[in-house]
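# Structural overview
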Amino acid sequence: MKKIVLFASGNGSNAEKIILHFKKSTFANVVTIFTNNPDAKVLEKAKNHQMEAVIFTKSDLNNDFVLQKLKKIDPDLIVLAGFLLKFPESIINQYPNKVINIHPALLPKYGGKGMYGMNVHKAVLENNEKETGITIHYVNEHYDEGEYISQHKVSIEDCVSAEEIANKVHQLEHEYFPTIIEQLITNH
Ligand code: GAR
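Conventions adopted
- Residues numbered from 1 in each chain as written.
- Predicted model: local features only at pLDDT ≥ 70, side-chain atom pairs only at ≥ 80, totals over all residues.
- Heavy atoms only, no water.
- Pairing = 2+ DSSP bridges.
- Helix = DSSP H or I, 4+ residues; strand = E, 2+ residues; numbered from the N terminus.
- Axes fitted to C-alpha atoms, helices over the stretch in contact; angles between N-to-C directions.
- Contact = heavy atoms within 4.5 Å.

### Notes on the sheet that holds strand 5 (residues 99-103)
Sheet architecture is open: seven strands sit in the order 3-2-1-4-5-6-7, paired in mixed fashion. The open sheet has two edge strands, strand 3 (52-55) and strand 7 (148-155), and neither has a second partner. Averaged over all pairs of adjacent strands, the angle between their axes in this sheet comes to 20 degrees, without regard to strand direction. Bridge analysis of strand 2 (residues 28-35) against strand 3 gives four bridges, and the strand direction is parallel. Bridge assignment links Thr35 to a residue of strand 3, and that residue is Ile55. Its contacts with the sheet put helix 4 (residues 64-73) on strand 1 (2-7), strand 2, strand 3 and strand 4 (77-80), and the angle it makes with strand 2 is roughly 165 degrees. Its contacts with the sheet put helix 7 (residues 162-187) on strand 1, strand 2, strand 4, strand 5, strand 6 (131-138) and strand 7, and the angle it makes with strand 6 is roughly 30 degrees.

Below you can see the structure in the form of structure tokens.
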């Protein structure tokens with residue numbers, strides 16, 4: 001079985017969709033959820049699905065703690081699903097082409113430092129964009145700049161709040177992210 005690990009910082013709706021998707025798989029499954037936030041809702045979801053969770057601090061991420069945990073697991077794919085800290089180069093270098101992220105906008109627009117979660121959707125609304133979307137991409141040492149794997153668009157002409165945009169983007173994420181992960185891990 002191929003092993004997927006997830007990193008998430010908040011609600012974990014994407015993490016849950018990915019867990020559910022791979023529960024049915026015969027060739028890959030989610031083995032561990034990593035979070036930097038001890039209060040994250042994703043931890044309840046991990047518990048509900050009897051999934052091992054690792055809670056770590058920002059400094060654990062940048063010293064050896066997280067890397068050592070990963071080495072013990074030996075994952076085939078590391079998925080950042082709503083993970084809001086910068087992912088360290090030391091880990092990326094150990095797992096070339098095996099770390100991917102989902103970003104809630106059509107990069108290169110609305111990317112970079114500070115552009116995460118609702119901040120993205122508020123900026124999209126303020127700019128009167130007619131469409132937004134998601135970008136699934138490899139992670140490199142710069143925020144949101146790794147090679148794109150896929151992008152998907154949605155019209156937001158009828159949206160009057162950042163929350164409505166967020167809902168549409170979440171739907172798109174839930175629809176595409178598990179399938180794209182499956183394709184990637186199959187071709188690895
Ligand atoms: C998702 O929309 C994801 O794209 C975004 O955080 C949200 C997490 O939702 N990620 C980023 O902004 C990363 N820069 P979730 O916890 O419900 O999956």
